[in-house]
Amino acid sequence: MTSEPYLLTPGPLTISLRTKQSMLRDWGSWDVDFNNITARVRARLLDIIHGAATHECVPLQGSGTFGVEAAIGTLVPRAGHVLVPQNGAYCQRITRICRVLGRRVTTIDYAEDQPVSATDIDQALAADSSITHVALVHCETSTGILNPLEAIAQAAARHGRGLIIDAMSSFGALEIDARTTPFDALIAASGKCLEGPPGMSFVIARRAALERCEGNCHSLALDLHDQWVYMRKTAQWRYTPPTHVVAAFDAAIAQFLEEGGVAARGARYAANCRTLLEGMRRLGLRCFLPAAIQAPIIVTFHAPEHPRYQFNSFYDAVKARGYILYPGKLTAADTFRVGCMGQLGEKGMAGVLEAVGAVLAQLRAST
Ligand SMILES: Cc1ncc(COP(=O)(O)O)c(C=O)c1O
């Protein structure tokens with residue numbers, strides 16, 4: 001085990017030593033060697049979703065939210081109208097982005113343990129022809145719920161509306177195929193399922209949609225059309241790129257491909273998730289979501305029912321045993337989360353369960 005704790009969080013997460021070591025070299029942002037890395041990263045990201053023939057990958061400096069805001073600002077015209085089905089905090093953030101950017105927005109609200117319904121989307125689009133785009137969070141990381149992307153993509157396509165997918169915590173672990181799933185834009189980031197460091201987001205946009213976006217964006221720095229045109233012309237980023245992050249992301253993608261791509265990464269996370277669910281059940285902890293709608297990415301657990309339980313001391317005790325938990329993000333229930341992603345070391349999820357079990361035993365003995 002390294003001396004640093006493992007991160008059981010959905011990004012930043014624990015990255016491999018090889019990925020960390022790839023940040024030890026400095027790169028000139030104009031240099032052909034760095035430009036080649038950028039080109040390789042963009043091409044490989046497109047290939048992961050089989051999008052090379054139809055889509056473009058536009059990388060952007062900054063965390064995932066920068067990518068989401070750039071996609072909404074660039075793809076949705078100023079007179080556009082966005083439908084946001086909401087079942088968690090990241091959907092709500094999209095709604096907030098639309099409001100801040102002055103894009104008209106309509107929401108459909110669900111409880112945090114209910115997946116978005118494609119039938120509801122279908123009906124909303126049939127009832128309101130002014131809606132130009134649907135913005136969907138694929139895996140709502142605030143709970144770990146999986147929304148039915150495929151059915152919603154088909155509904156949006158049937159009505160001729162654009163689909164913007166926040167695939168931040170699913171890209172690379174859950175299969176998304178641009179040849180069969182119609183979408184205008186998909187957003188993810190370096191520090192999630194591809195297991196790079198945080199600091200770079202990317203938007204995979206349908207070429208025909210992106211070509212029409214000149215002048216849409218409210219912002220210079222977040223204008224994906226401008227970034228794309230400049231990159232096409234010069235092979236460079238418009239403004240200073242996060243060079244070390246891009247180099248490390250390139251190394252992380254190489255390891256992702258060596259591991260076996262989406263199928264292998266998804267299988268590893270799914271195995272982690274099964275071990276976690278089963279182990280926590282044995283420790284007497286209840287998960288928040290039913291198994292059928294649980295994505296194998298991050299799991300929300302109800303707080304242990306004990307009068308002395310406090311998240312902060314629980315967190316500190318588990319951290320002292322080598323693991324960093326993630327707080328809950330629910331409005332109603334007292335919960336905490338455990339990510340299934342990243343490099344979890346030799347012991348893997350068994351080590352996590354050992355640490356949580358020991359801390360729970362201490363808590364229960366303290367009555
Ligand atoms: C589904 C989803 N959307 C958006 C974000 C925001 O990304 P960031 O915190 O990198 O800005 C996250 C972060 O975990 C996420 O899980």
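1. Some details on the nonpolar core
Ranked by size, the top nonpolar core spans 111 residues in total, and within it A71, I72, A185 and V203 carry the most contacts. The element best represented in this core is helix α9 (residues 243–259), accounting for eight residues.

2. Comments concerning the sheet that holds strand β8 (residues 162–166)
Strand order in the open sheet made by the seven strands is β2-β10-β9-β8-β5-β3-β4, with mixed pairing throughout. The sheet is open, and its two borders are formed by β2 (55–61) and β4 (104–109), each paired with just one other strand. Recorded for the sheet is a direction-independent mean angle of 20° between the axes of neighbouring strands. The sheet contact formed by β2 and strand β10 (residues 200–206) spans seven bridges and is antiparallel. In the strand pairing of β10, H55 is matched with R206. Helix α4 (residues 89–101) rests against β3 (81–86), β4, β5 (133–137) and β8 of the sheet, and its axis sits at about 160° to β3. Against the sheet, helix α6 (residues 149–158) engages β5 and β8, with an angle of about 175° to β5.

3. Concerning the domain arrangement of the chain
Assigned domains within the chain: domain 1 (6–11 + 261–365) and domain 2 (18–258). For domain 1 versus domain 2, the distance between C-alpha centres works out to 28 Å. Taken together, the 21 residues of domain 1 in the interface contact 26 residues of domain 2. Of all the secondary structure elements, the ones that give two or more residues to the side of domain 1 that touches domain 2 are α10 (261–282) and β11 (298–302). If one sorts the elements of the side of domain 1 that touches domain 2 by residue count, α10 sits on top with five residues. Classifying every residue of the side of domain 1 that touches domain 2 gives twelve nonpolar, seven polar and two charged.

4. A closer look at the environment of G28
Along the chain, G28 turns up in the loop between α1 (17–21) and α2 (32–48). A C-alpha to C-alpha distance of 10.0 Å links G28 and T240, two positions 212 residues apart in sequence.

5. Observations concerning the sheet that holds β11
In spatial order, the strands read β11-β14-β13; together these three strands make up an open sheet with antiparallel pairing. Unpaired on one side and paired on the other, β11 and β13 (326–327) mark the two borders of the sheet. Direction of pairing for β13 relative to strand β14 (residues 335–339): antiparallel, over a ladder of two bridges. Along β14, the bridge assignment pairs Y326 with R337.

6. Some remarks on α2
In this model α2 runs 24 Å from its N-terminal to its C-terminal C-alpha over 17 residues, within 8% of the 24 Å that 1.5 Å per residue would give. Among the structural elements, β2, β10, α9 and α10 are those in contact with the buried residues of α2.

7. Notes on the site of the ligand
Around the ligand there are 13 residues in total, and S63, G64, T65, T141 and M168 lie nearest to it. For the shell around the ligand, the element with the most residues is helix α3 (residues 64–75), which contributes three residues. By residue class, the composition of the shell around the ligand is six nonpolar, six polar and one charged.

Conventions we followed
- Think of each chain on its own: its residues are numbered from 1, step by step along the sequence as written.
- Owing to the predicted nature of the model, reporting of local features is limited to residues with pLDDT of at least 70; listing and counting of side-chain atom pairs is limited to 80 or more, with chain, interface and lining totals taken over all residues.
- To define a nonpolar core, we join buried Ala, Val, Leu, Ile, Met, Phe, Trp, Tyr and Cys residues through C-beta atoms within 7 Å and take the resulting set.
- Counting other C-beta atoms within 10 Å of its own, a residue is labelled buried from 20 upward, exposed at 12 or fewer, and partly exposed in the gap between, with every C-beta atom placed from the backbone.
- Secondary structure follows DSSP: runs of H or I at least 4 residues long count as helices, runs of E at least 2 residues long count as strands, and numbering of each begins at the N terminus.
- Between any two strands, pairing holds if DSSP finds at least two bridges.
- For helices, the fitted line uses only the C-alpha atoms of the stretch in contact; every axis is such a line through C-alpha atoms, and the angle between N-to-C directions lies from 0 to 180 degrees.
- By the convention adopted here, residues make contact when the C-beta atoms placed from their backbones lie within 7 Å.
- By convention here, the domain bounds are inherited from an automatic or database domain assignment.
- Charged residues are taken to be Asp, Glu, Lys and Arg, nonpolar residues to be Ala, Val, Leu, Ile, Met, Phe, Trp, Tyr, Cys and Pro, and polar residues to be all remaining types, Gly included.
- What a helix should span is 1.5 Å times the count of its residues minus one.
- For each residue, a C-beta atom is placed from the backbone, and the residue is labelled near a molecule or strand when this atom is within 6 Å of it.

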